[in-house]
Amino acid sequence: MKYLLIAPPLAFFFAISLIPLVYTVWLSLTSTNIAGGGGWVGFDNYARLLADTFFRQAYGNTVLFVVIGVAAQYVLGLALALAVHSLTRGQRLVRLAILLPLMIAPLIVGFIWQTLLDSRYGPVNGLLRAVGIDPVAWLTDSSFAFISILIVDAWQWTPFVFLVLYAGLRTLPTEPFEAARVDGASGWRTFADITFPMLIPASIAAILLRAIEAFKLFDIVFYITGGGPGGATGTVSLLGYFTALRSGNMGYGAAMTVVLLLTVIAIALTSLLILQRALSRPDLSGEQAFARRQSRTREVEHG
Amino acid sequence: MSQVELRSLTKHYGRQPALDNVEVSIRDGEFFVIFGRPGAGKSTTLKVIAGIEDPTDGQVVFGDQPMNGIPPQRRNVAMAFESYALYPHISVAANLEFPLKAPGRSIGIDERQRRISEVAELLEITPLLNRRPSQLSGGQRQRVSLGRALVRSGTGVSVTLLDEPIAHLDARLRHWLRGELRHYQQKADTTTVYASPDYVEAFAVADRLMVLIDGRVRQVGTPLEIQTHPADTDVAGMIGDPKMNLLGLDSSGELARQARQHGAHPAAATVGIWPTDAKLDRTQGGIPGTVYVVEPLGEDAIVRVDVPGGRMQIKTSSSQTYRPGEPINVHPAWERAHYFGGDGARIGGGAL
C-alpha cells in the first residue's frame, strides 16, 4: 500500500530522469542513427571523441565559458549584492531592476542581444560609432563572438548570483559589523575578515549551481551564433545536438553528452570534497598566532 | 580617555521612544554605570555613544568635541557587545588583535602580543587563543568579547563601553571579574561606561551610576547617594538585594498609624524599608503579620512576611527559625525609613 502512494512521483522520476539517462548511456555504446539502423559498437564512440577536433574544440570552449563566465558572474554578482545591500533607500526598486533579465526566456535573450550586437544595424555599434570608435564584428569575428556569448550569459545569469549572495548578506548578523566599525576596521578588512568568510556557504551554492548550468550552455549560443563562426563558440551540448538530431548520428551524439555529464559530476564532487576539507580544518592563522606567542614566551623564559 | 557628555539625547525607533531626553555628564576616568531593567535603553545609550546608532535628537560630546556625524571608526571607542559580536571566522587571538590592527593605531606586533596575553591571562582564556568562536561556550565567548574591548585600554581610547559584559558568566567568575574590572579600569584610567541590570554588579563597580527607566534618566549619583536617597518609588523598587520593601500607607491602617507615630511625613503615601532595617519577634507591638515563606541563605535568611500594605522581605539571622503561616510582629527601624509622596517622589526620611 505504501508503495502505491509513492508510485506517481516514482513513475515520474523514472520517466523523466532515469529512463532517458540509461537510454542515452546505452545509445552511446551503439552506432544507432536517426533512421533506426546501426548496432553495438562498445566504446568505439568514446575512442572517436578523443581524436575528434570538433569535439575537442567544443569541450575546450565549454570549459572556458564555465571558468571565465562563472568567475566573472560571481565577481559582478558579489559586487552588485554588496552595493545594493549598502543602499539606504531604494533597495527594492534596484533589486527588481537587477532581477529582470532572469525573467526573460533565454531564446528571447538571444534574440534581443543578436539585435543589439548586429554588426551593421545594431545599436551597440551605433553607439560606438557615435563616440568615434570603429564598429566591432561582435558576432562574426571568432574572438569577439566568444566574448559576446560571455557578455550575454553574464547579462542573463549575474542576477541569479546576485540574488543568492544578496539573500545571504541579508541573513548575516549585524553585530559583528557594528563591532568592526567600532574596532576601526577599514572597509577592505571588514570584507576580507568578516563579510566574505560569512558568505562562503552562499558563494558555494551560487558558484556550483551556475557552473553546472554553464556546462550545459546551449540556448543563447544556439540563437546568437549557432556555434560559429567556424565552431569558435560551439559548446558540447550544441555539438551533441547537431550530431544527434541534425546529422542523425544518435550514438555518437549520446557519447558527447555522457562525457559532459561525467565532467559535471566529477567537478561537482571534487569541489564539494575540497570545500568540506577546507571548512573542517582548524583555523591556521589562529594556530600560527598561538605558536608565535608560545615561542616568544619561551624566549623570555630562557633569557 | 575623555569626558563624555550626553546632551538631551533622544532616540526613536519608528514611533517608539527608546531614549527620552537623556542628559548626563560622565567624568574623565570615571567608572560610570547605566543601571536599568532589560529594555530600559541601556544598550541604545551605549550604541549612540559609540556612533553605531544616530540619535534622533541631542548631542554626544567627547571632551569638547561634538561627535554627531562622526562615524564609529573615528570615535576611538572600545566596546564589548551584549551579544558578543565576535568575528566568527578568525581565531580568538585574531579577534583580540583585530581592534589593535586598525589603520591609524600604530601598535607594533610585540606590543600587540603582550596586550593579548595580558588580557587573555586576566580573563582566563589563554588556552582558547587558537580556537574559533564557534568552538567556545557562551561564557567563553563573552570573555573574548570583553577582552576585545579591554585589549585597547591605555592606547588612547576615549571611552570604553561595556554592555552587560559579565552577565553570562558563572557566579564565581562574575564575582571575581567584577573586582578585576574595577582594578583594571583604575589602573588604565579609562573612562568606562558599563550597562547592567544587576543591582549587586552595578553598585559594586560604579563610581557613579544613572538609573534608566523606560528611556528616561530617573537618578544620577554615587551608589551611596542612590541607596540613601532613592529619588522615587520606581528607583527604590530596583535597588537592594533583596530589594527595598515599599508599602502603601492607607490612612486608617495600623502601618500608617505607627509610621505617623514615628514621625512620618504627613503627605507620605508609601514607606520604604530596607530588608535589613526591620526585626521580627513573637512578642507584642510592631506591625502584625504572617510568615509567608522562609529562604535560608547560609548565615542569613530572607523571611517574607505578609503585613497590611503588602508583603515584606526581611533579612534575619538563620539562628531564628520561622514557620510559614506563623503570626509574627515586624519592628521596622522607623528612623531609617524612606517616605514617598502620592506621585512616588521622595519626600523624606532615610537617615543613615
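Computed from a predicted model, the values in this text were never measured in an experiment. (Residues numbered from 1 in each chain as written. Chains lettered and ligands numbered in written order. Predicted model: local features only at pLDDT ≥ 70, side-chain atom pairs only at ≥ 80, totals over all residues.)

Novice: Quick one: what's the story with the overall build of chain A, residue by residue and with numbers?
Specialist: A tally of regular secondary structure across chain A gives 14 helices and 0 strands. The linear arrangement of helices and strands in chain A, starting from the amino end, is α-α-α-α-α-α-α-α-α-α-α-α-α-α. A globule of 303 residues ought to have a C-alpha radius of gyration of about 19 Å, yet chain A, at 25 Å, is considerably larger. Overall, the C-alpha framework of chain A stretches about 85 × 65 × 50 Å when taken along its three principal axes. Taken across its 303 residues, chain A has 30% of its residues classed as buried. (Helix = DSSP H or I, 4+ residues; strand = E, 2+ residues; numbered from the N terminus. Rg over C-alpha atoms; globule rule 2.2 N^0.38 Å. Buried ≥ 20, exposed ≤ 12 C-beta atoms within 10 Å, placed from the backbone.)

Novice: Which residues make up the sheet that holds strand 7 (residues 159-163) of chain B, and what are the values?
Specialist: All names here are of chain B. Read across the sheet, 6 strands follow the order 6-7-8-3-9-10 without closing on themselves; strand pairing throughout is mixed. The sheet terminates laterally at strand 6 (77-80) and strand 10 (216-221), the two strands that pair on one side only. Neighbour-to-neighbour, the strand axes of this sheet turn through a mean angle of 15 degrees, independent of strand direction. Of the strand pairs in this sheet, strand 3 (residues 31-35) and strand 8 (residues 192-196) are connected by 5 bridges, and their pairing is parallel. Bridge pairing in strand 8 places Phe32 opposite Val193. (Pairing = 2+ DSSP bridges. Axes fitted to C-alpha atoms, helices over the stretch in contact; angles between N-to-C directions.)

Novice: So what about the interface of chain A and chain B? Which residues, and what values?
Specialist: Taken residue by residue, the interface counts 22 residues in chain A and 30 residues in chain B. If you list the elements that add at least two residues to the side of chain A that touches chain B, you get helix 8 (175-182), helix 9 (187-198) and helix 14 (284-301) of chain A. If one sorts the elements of the side of chain A that touches chain B by residue count, helix 14 of chain A sits on top with 7 residues. Taken together, the residues of the side of chain A that touches chain B sort by class into 9 nonpolar, 4 polar and 9 charged. (Contact = placed C-beta atoms within 7 Å. Nonpolar A, V, L, I, M, F, W, Y, C, P; charged D, E, K, R; others polar.)

Novice: Explain helix 1 (residues 42-50) of chain B to me, using residue names and the numbers behind them.
Specialist: Within helix 1 of chain B, 9 of the 9 residues are buried, leaving the element largely enclosed by the surrounding structure. A positive phi of about 95 degrees marks Gly51 of chain B, the residue just after helix 1 of chain B.

Novice: Any details on the domain arrangement of chain B? Residues and values, ideally.
Specialist: All names here are of chain B. Under the domain assignment, chain B is made up of domain 1 (4-228) and domain 2 (234-349). In this structure, domain 1 and domain 2 have C-alpha centres spaced 37 Å apart. Secondary-structure elements contributing two or more residues to the side of domain 1 that touches domain 2 are helix 6 (199-205), strand 9 (208-213), strand 10 and helix 7 (223-228). Grouping the amino acids of the side of domain 1 that touches domain 2 by side-chain chemistry returns 5 nonpolar, 2 polar and 1 charged. (Domains from an automatic or database assignment.)

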